[in-house]
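# Remarks on the overall topology
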Amino acid sequence: MSISGGARQQEALSAWRLADEAFEQADSRAARAEAMVRQLRARELVERWSWAERRLPDALRRWALAEGLWSWEEAVERLGHLDFVARRRFIRSNLALFPDASLPALLDLVREPQPGDGALWSPDGSTLSAIALRLDRARGREPALAAAAEGVRDPAGEAGSRARGAASAGPSAAVEPAGARLGALLFGAQGAARLSTDTGFAAVLDFAEHHATADELALLLEYARTLEGERRAALCGALLRSGEPLWGVPGFADLFSPEQRQAHLRAELAAYERPAEVPIHDTLRIAATLVEDEARREVLSLFLDEVRALGGRGRLEGLCAGAALADGALRPALLDEALAWMEACEELDEDDRVEGIAAALPMLPAARGAPLAERVLDAIAAGQVQRTVARDRLLAIPDAVWAALPEARWAPALRWVVEEGVDAPAPRSALRRGLPAPVRAALGEGAPVAPTEDGSAGRSARAEPSSPQERLRGSASAWASLPDAERAGLLPEIEAAARAILQMPDTEDGALRAALALLPESAWRAIWSARARASAWRRTIDLTDPALFAYIGSEHYLHAEAVIRLVLGLGGPAAVCDFARMLVVLR
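Cut-offs applied
- Residues numbered from 1 in each chain as written.
- Predicted model: local features only at pLDDT ≥ 70, side-chain atom pairs only at ≥ 80, totals over all residues.
- Heavy atoms only, no water.
- Helix = DSSP H or I, 4+ residues; strand = E, 2+ residues; numbered from the N terminus.
- Contact = heavy atoms within 4.5 Å.
- Areas by Shrake-Rupley, 256 points an atom, 1.4 Å probe, with all protein chains shown as cover.
- Buried < 20%, exposed > 50% of the residue type's maximum accessible area, 1.4 Å probe, protein only.
- Core = buried A, V, L, I, M, F, W, Y, C linked by side-chain atoms within 4.5 Å.
- Salt bridge = Lys/Arg side-chain N within 4 Å of Asp/Glu carboxyl O.
- Axes fitted to C-alpha atoms, helices over the stretch in contact; angles between N-to-C directions.
- Parallel < 35°, antiparallel > 145°, perpendicular 65-115°, else oblique.
- Left-handed = near helix turned anticlockwise from the far one by under 90°.
- Phe/Tyr/Trp six-rings, centres within 6.5 Å; stacked < 30°, edge-to-face > 60°.
- Lys NZ or Arg CZ within 6 Å of the ring centre and 35° of its normal.
- Nonpolar A, V, L, I, M, F, W, Y, C, P; charged D, E, K, R; others polar.

Right, let's get into the overall build of the chain. When you go through the chain residue by residue, the secondary structure sums to 31 helices and 2 strands. Put simply, of all contacts in the chain between residues at least 6 apart along the chain, 67% involve residues at least 24 apart. Surface accessibility of the chain: about 27,600 Å² in total, with carbon and sulfur atoms responsible for 53%.

This part is about unusual backbone geometry. Leaving glycine out, the prevailing phi sign among residues is negative, and the prevailing peptide bond configuration is trans. One non-glycine residue, alanine 214, lies in the positive phi region at around 45°. Residue classification places alanine 214 among the exposed positions, given a relative accessible area of 57%. Unusually for a residue other than glycine, histidine 556 sits at a positive phi of about 70°. Here histidine 556 lies in strand β2 (residues 556-557).

Leu472 and Trp528 are the most contacted members of the largest nonpolar core, which has 105 residues in total. For leucine 472, the residues in contact, after removing those within four places along its chain, are Ile494, Ala497, Ala498, Ile501, Ala511, Leu512 and Ala515. Core analysis: the next-biggest nonpolar cluster, separate from the first, contains 54 residues, Leu95, Phe201, Leu227 and Phe252 among them.

Let us now look at the pattern of salt bridges. Following the criterion strictly, the structure yields 39 salt bridges and no others. Its salt-bridge partner being aspartate 124, residue arginine 92 comes within 3.0 Å of it at the nearest N-O pair. Residue arginine 92 is located in helix α5 (residues 84-94), and its partner aspartate 124 is located in the loop between α6 (103-111) and α7 (125-138); the two are separated by 32 residues in the primary sequence. Measuring nitrogen to oxygen at the nearest pair gives 3.0 Å for the salt bridge that ties glutamate 561 to arginine 565. You can see glutamate 561 and its partner arginine 565 sitting in helix α30 (residues 560-571), 4 residues apart, about one turn around the helix. Note on glutamate 561: relative accessible area 40%, which makes it partly exposed. Salt bridges sharing partners connect three or more residues here, namely Glu53, Arg61, Glu74, Arg78 and Glu273.

One way to put it is that helix α15 (residues 281-290) packs onto helix α16 (residues 293-308) with a least axis distance of 8 Å and a crossing angle of 160°. What the angle tells us is that α15 and α16 run roughly antiparallel. Where α15 crosses over α16, the handedness of that crossing is left-handed. Across the interface between the two elements, His281, Leu284, Arg285, Ala287, Ala288 and Thr289 of α15 pack against Arg296, Val299, Leu300, Leu302, Phe303 and Glu306 of α16.

Before going further, it helps to examine the packing of aromatic side chains. The tally for this structure, following the rule as stated, stands at 7 aromatic pairs. For the ring pair phenylalanine 549 and tyrosine 557, a centre distance of 6.3 Å and an interplane angle of 70° mean the geometry is edge-to-face. Grouping residues by exposure puts phenylalanine 549 and tyrosine 557 together as buried. For the ring pair tyrosine 551 and tyrosine 557, a centre distance of 5.2 Å and an interplane angle of 80° mean the geometry is edge-to-face. For the pair tyrosine 551 and tyrosine 557, one class covers both residues: buried. Among the aromatic side chains, those forming a connected cluster through ring pairs are Phe23, Trp528, Phe549, Tyr551 and Tyr557. Note that arginine 61 overlies the ring of phenylalanine 90, its terminal NZ or CZ placed 5.9 Å from the centroid. The residue whose ring lies beneath arginine 315 is tryptophan 341, and the NZ or CZ to ring-centre distance is 4.1 Å.

Relative orientation of the contacting elements helix α29 (residues 521-531) and α30 amounts to 125°, with a least axis distance of 10 Å. Taken together, the axes of α29 and α30 lie oblique to each other. Note that α29 runs across α30; the crossing there is left-handed. Residues Glu521, Trp524, Arg525, Ile527 and Trp528 of α29 lie in contact with α30, whose contacting residues are Val563, Leu566, Val567, Gly569 and Leu570. Across the contact of α29 with α30, the residue classes break down as 7 nonpolar, 1 polar and 2 charged.

For histidine 556, a relative accessible area of 0% gives the class buried. When sequence neighbours within four positions are dropped, the list of residues in contact with histidine 556 reads Glu44, Arg48, Val278, Pro279, Ile280, Thr283, Ala550, Tyr551 and Leu583.

Along the chain, alanine 323 turns up in helix α17 (residues 312-325). You can call alanine 323 buried: its relative accessible area is 0%. Setting aside residues no more than four positions away along its own chain, alanine 323 makes contact with Arg331, Leu334, Leu335 and Met363.

Attention now moves to the environment of arginine 368. As for its placement among the helices and strands, arginine 368 is situated in helix α20 (residues 366-381). Look at arginine 368 and you get partly exposed, because its relative accessible area is 38%. The spatial distance from the C-alpha of arginine 368 to the C-alpha of valine 401 is 9.5 Å, given a sequence separation of 33 residues. Residues within four places of arginine 368 in sequence aside, it is in contact with Asp336 and Leu339.

These values are about where atoms sit, not about what they do.
Have a look at this one:
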């Protein structure tokens, strides 16, 4: 993300704030739905710009600053888009790269929370002290210097310094090892001599430009430093044309000219100069699950378009999930497509294929499902299915198929399950009826819950809940066991607990998600007003984040079902369709 990227994020934040106002002022369901989709669109852009910046490696960020591709102002601006942990880490490790003129801005960046930091932010004394020490030392000097540390050339660090030392030590330190290793890699044990021939060197150039990765690049750079003149220039050119990241390889600073380094770094940085790509297919699947009829068909079509762009296992899982949501002629068509992909895709192993079959079996006629079920059984008996899912694969076989299979077909698979001691949940009640006794015994019947002294199953005495989260969870649990006539009395307590949670940081949102379906629409509006607005945004750091709107670049919304339930409850099915279309357009 460049300066323009930062400006775009600020523009999205401004649009988000305007949409927040529109939501609060909406006087109809349609106006509210439109404002909600605008809020979610702005959030998508803010999140994706933020994730693009966070995916930029620290080492590449150092190079951009050290080589002058970024001014210190831009470097500081971009640091503001990182989460505060990553921001502090970079400043502490690279303070010497910043000129004295930047120190007040760095101090503000560390001393004050930035947009998206959230309630988890706190002052960082060690980083503040390091900046303050630099400021004391800079007192009385010019307000801006050309560089904070004279002679900083290779921000790749100690490894780069060691590489430069080896290169300056002369041929005895590097030529033979690099030449011998490269020759052996390309031509065999006695291949070093071939490197000096025209055909041998041509092979080196081809390997450098089209095939080398990781450790091979380090070897090629080491070898290039032993060359001179046209051969050195030719190999450097081939390495630069390879498109591989060279900035992290030891010796990058010494081998290439400043112009070459900067051109290479600009090309590498370009990959981060646009919003991050974020997978949306799982969010679309959940949206299709929550709506019905025409809205489901519309969202399902968008979901299937995303799925068909995937490869391997993701495409197989998506097609099976789409079939489960489809109706009419679309369902068998999707099952045919899924099974054809299962056979054609070379990326899949037998465990993947068995998973696909297990997902498809409940939707297939028994006659067609029987041979596929036999394939599942054969794979389990052969140990080709992971132990942790073997019994689930058995449970996916429909009752009618089980009953039609002779014992000789299912006995080896169940024997393997029993001998391996596979643990699994109790089977469906349907599997306890009409199946051969050995099958039921191997699958396990599941132990009943022992009643307590008062005759209730599994109910235990609990301390009176004290926190809003405990009260909300307790009320939600009680709701499930009460008759309809008594549930109305719990509603005020449920809503009061939810509103109390909204006064707390969003790290307590887990209870809100758990009880969302029980809350009245007035509580949904309060939740949306408190959590969906721009001022409440904070960056998500990991997959355990309980915040209602937690957003991860590799996952999209962590709690998509809760988000979409709010959209559906407040805006209706049309709002869910608009949300789904918006996601696809941004893709």
